[in-house]
Amino acid sequence: MANVGIGGAATGNNLLAAVRDVDFALLRSHLMRLERPAGTVLYEPGDDVRTVYFPCGPTLISFMVMLEDGRPAEVGMVGREGAVGGIVSQGRLPAYCRAQVQIGGPLLRLDSADLERAKDQSGMLRHLFARYADCLLAQIFQSVACNAAHSIEQRTAKWLIGAMERSGDANVRLTQEQLAAMLAVGRSYVGRVLHVLRAAGAVDTRRGRLVVKDAVRLRQASCDCSEAVRRHFDEVLSGVYPSVDFAGHGADIGAPAAPRRT
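Keep in mind that this is a model prediction, so the values were computed, not measured.

Novice: Help me out: how do you make sense of the overall build of the protein in this one?
Specialist: Across its full length, the protein carries 9 helices and 12 strands. Out of the 262 residues in the protein, the part that is buried amounts to 51%. Accessible surface for the protein amounts to roughly 11,300 Å². Of this, 52% is attributable to carbon and sulfur atoms.

Novice: Any chance you could explain empty space enclosed by the protein here in plain terms?
Specialist: Gaps left between atoms are located by rolling a probe of water-molecule size over the structure's atoms. Going through the model one piece at a time under the given rule, you end up with 2 cavities of 30 Å³ or more. Glu74, Gln139, Ser143, Lys158 and Trp159 are the residues nearest the centre of the largest cavity, which is lined by 19 residues in total. Secondary-structure elements contributing two or more residues to the lining of the largest cavity are β6 (72-78), α4 (123-149), α5 (152-167), α6 (176-183) and α9 (225-236). Among the elements that make up the lining of the largest cavity, the one with the highest residue count is α5 (5 residues). Classifying every residue of the lining of the largest cavity gives 8 nonpolar, 7 polar and 4 charged. Looking at the lining of the second largest cavity, its residues break down into 3 nonpolar, 2 polar and 2 charged.

Novice: Please clarify how the confidence of the model for the protein should be interpreted in this entry.
Specialist: In low-pLDDT regions, the fine details of the predicted coordinates are not to be read closely. Per-residue pLDDT for the protein averages 87, and the proportion of residues at 70 or more is 88%. Counted against residues more than four places away or in other chains, residues 248-260, with its pLDDT under 50, gives 37 contacts.

Novice: Can you walk me through the sheet that holds strand β11 (residues 203-206) in this structure?
Specialist: For sheets, the rule is that strands pair by backbone hydrogen bonds, running either parallel or antiparallel. Strand order in the open sheet made by the 3 strands is β10-β12-β11, with antiparallel pairing throughout. What marks the edges here is a single partner per strand, and that holds for β10 (171-172) and β11. As paired elements, β11 and strand β12 (residues 209-212) share 4 bridges and run antiparallel to each other. Among the inter-strand pairings, Arg206 is bridged to a residue of β12, identified as Arg209. Relative to the sheet, helix α7 (residues 187-199) contacts β11 and β12, its axis offset from that of β11 by approximately 125°.

Novice: Please explain the sheet that holds strand β5 (residues 60-66) as it appears in this structure.
Specialist: The 4 strands are arranged β3-β8-β5-β6 in an open sheet whose pairing can be described as antiparallel. Where the open sheet ends on each side, the last strands, each with one partner, are β3 (41-43) and β6. Within the sheet, the average angular offset between the axes of one strand and its neighbour, ignoring direction, is 35°. Of the strands in this sheet, β5 and β6 touch α4, which is tilted by about 140° from β6.

Novice: Help me understand the packing of helix α3 (residues 112-121) against α4, please; the structure alone is not making it clear to me.
Specialist: Remark: α3 packs on α4, axes separated minimally by 5 Å, with the N-to-C direction vectors making an angle of 120°. Between α3 and α4, the interaxial angle falls into the category oblique. Contacts between α3 and α4 pair Leu115, Ala118, Lys119, Asp120 and Gln121 from the former with Gly123, Leu125, Arg126 and Phe129 from the latter. Residues belonging to the contact of α3 with α4 are distributed by class as follows: 4 nonpolar, 2 polar and 3 charged.

Novice: I'm lost on the packing of aromatic side chains in this one. Help?
Specialist: Two numbers describe a pair of aromatic rings. These are the distance of the centres and the angle of the planes. In total, this model carries 3 aromatic pairs according to the counting rule given. One aromatic cluster is present, built from ring pairs that chain together Tyr132, Phe233 and Tyr241.

Novice: Please explain helix α2 (residues 21-28) as it appears in this structure.
Specialist: Along an α-helix, residues three or four positions apart point the same way, because every turn accommodates 3.6 residues. Turning to α2, its buried residues number three or more, namely Asp23, Phe24 and Leu27. Seen along its axis, α2 keeps its buried residues to an arc of 100°; they face one direction. Residues of α2 that are exposed and point over 90 degrees away from its buried face: Asp21 and Val22. Here the buried face of α2 lies against α1 (14-17), β9 (105-111), α3 and α4.

Novice: Would you explain the pattern of salt bridges in this entry?
Specialist: Evaluated as defined, the whole model comprises 15 salt bridges. Arg20 is the partner of Asp23 in a salt bridge, and the nearest nitrogen-oxygen pair spans 2.8 Å. Take Arg20: its relative accessible area is 34%, and that puts it in the partly exposed class. Residue Asp114 pairs with Arg117 through a salt bridge whose shortest N-O separation is 2.4 Å. Remark: Arg117 and Asp114 occur in helix α3; sequence separation between them is 3 residues, near one turn of the helix. What you see here is one network of salt bridges that share partners, running through Glu165, Arg219, Glu227 and Arg230.

Novice: Mind showing me how you'd approach the environment of Ser151 here?
Specialist: Position of Ser151 among the secondary structure elements: in the loop between α4 and α5. Note on Ser151: relative accessible area 28%, which makes it partly exposed. A polar contact of 3.3 Å, which involves the side chain of Ser151, links it to the side chain of Glu153.

Reading the values: rules and limits
- Residues numbered from 1 in each chain as written.
- Predicted model: local features only at pLDDT ≥ 70, side-chain atom pairs only at ≥ 80, totals over all residues.
- Heavy atoms only, no water.
- Helix = DSSP H or I, 4+ residues; strand = E, 2+ residues; numbered from the N terminus.
- Buried < 20%, exposed > 50% of the residue type's maximum accessible area, 1.4 Å probe, protein only.
- Areas by Shrake-Rupley, 256 points an atom, 1.4 Å probe, with all protein chains shown as cover.
- 1 Å grid on protein atoms, 1.4 Å probe; cavity = no way out; pocket = protein on both sides within 12 Å on 5 of 7 lines; lining within 4 Å.
- Points joined across faces, edges and corners; volume = space filled by probe spheres on them.
- Nonpolar A, V, L, I, M, F, W, Y, C, P; charged D, E, K, R; others polar.
- pLDDT = per-residue confidence, 0-100.
- Contact = heavy atoms within 4.5 Å.
- Pairing = 2+ DSSP bridges.
- Axes fitted to C-alpha atoms, helices over the stretch in contact; angles between N-to-C directions.
- Parallel < 35°, antiparallel > 145°, perpendicular 65-115°, else oblique.
- Phe/Tyr/Trp six-rings, centres within 6.5 Å; stacked < 30°, edge-to-face > 60°.
- Arc of directions from axis to C-beta.
- Salt bridge = Lys/Arg side-chain N within 4 Å of Asp/Glu carboxyl O.
- Polar contact = N/O pair within 3.5 Å; in protein donor to acceptor, adjacent residues only side chain to side chain.

Shown next as C-alpha cells:
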C-alpha cells in the first residue's frame with residue numbers, strides 16, 4: 001500500500017473528486033491505495049467498522065445481507081460514486097451486512113478515526129458525507145421497492161446497467177452464478193433471462209463475464225429504479241453519479257462526470 005499524493009479529482013473516485021482541495025488536504029496523507037480482487041470480503045456482519053473504502057475506476061462493492069439459509073442477497077452496489085464503511089457514524093459500529101468486492105480493482109482506504117478528525121475540522125466535509133449517506137439510503141430504499149415490485153428480468157437488466165455505469169465498462173466481469181446469487185434466484189432462472197436479453201441483442205455471455213452489446217435495449221428491458229436513484233443523486237450531489245451515454249452501444253459508454261466542487 002502507498003499513501004496518496006494526488007488531488008481528489010485524480011483518485012478515480014467521484015465522491016472524493018467533489019471535495020474541495022483545501023478539504024481534501026485533510027484526508028490526503030491518510031488515504032492508502034490498494035488493489036483487491038473480486039470476492040474479497042471487506043467486513044462481515046458484526047465486525048467493527050473501523051475503515052472507509054472508496055472504490056476507484058471500475059471497482060464495484062456489494063452490500064450483501066445474509067439470509068437464514070446462509071445465502072447472501074445483494075441490497076446495494078457502490079462504485080466510483082461513493083464509499084463503504086463508517087461514513088457518518090461517530091466511532092466504531094458493528095456492520096449489519098457483508099461488504100464484498102464484486103469487480104476487483106483499486107480502492108482507497110481511510111481509517112474512520114482519521115475521517116472523523118477531518119470532519120471535525122471541516123463543515124463542508126461533514127455536509128458532503130451526510131449528503132452521500134442520504135443518497136446511499138435512497139438507493140437502499142429503491143432496492144427494497146424494486147425487489148418487491150419488479151420482475152427478475154427487469155432486475156437483471158437494472159443490475160447490469162448499474163454495473164456498467166459505475167465501472168465505466170461494457171464488459172461486466174461476473175459469472176452467471178454470481179449474478180444469480182446476488183439476485184437471490186436460481187442459476188437456471190438467470191440463464192433464461194440472459195437468453196432473452198441475448199436474443200434481443202442487448203447482451204452477450206462470455207466466459208467469466210457478461211457483455212453489454214446495446215445499452216439502449218438493455219435500458220428498455222429494465223425498470224426505472226436506476227434512473228430514480230440517479231435523479232436523487234443529481235439533486236443532492238450533482239455530478240457525483242457516473243455519467244453514461246446510453247445513445248451509444250455498450251463498448252462506448254462515456255466517461256465519468258466531472259463532479260462539482262462543493
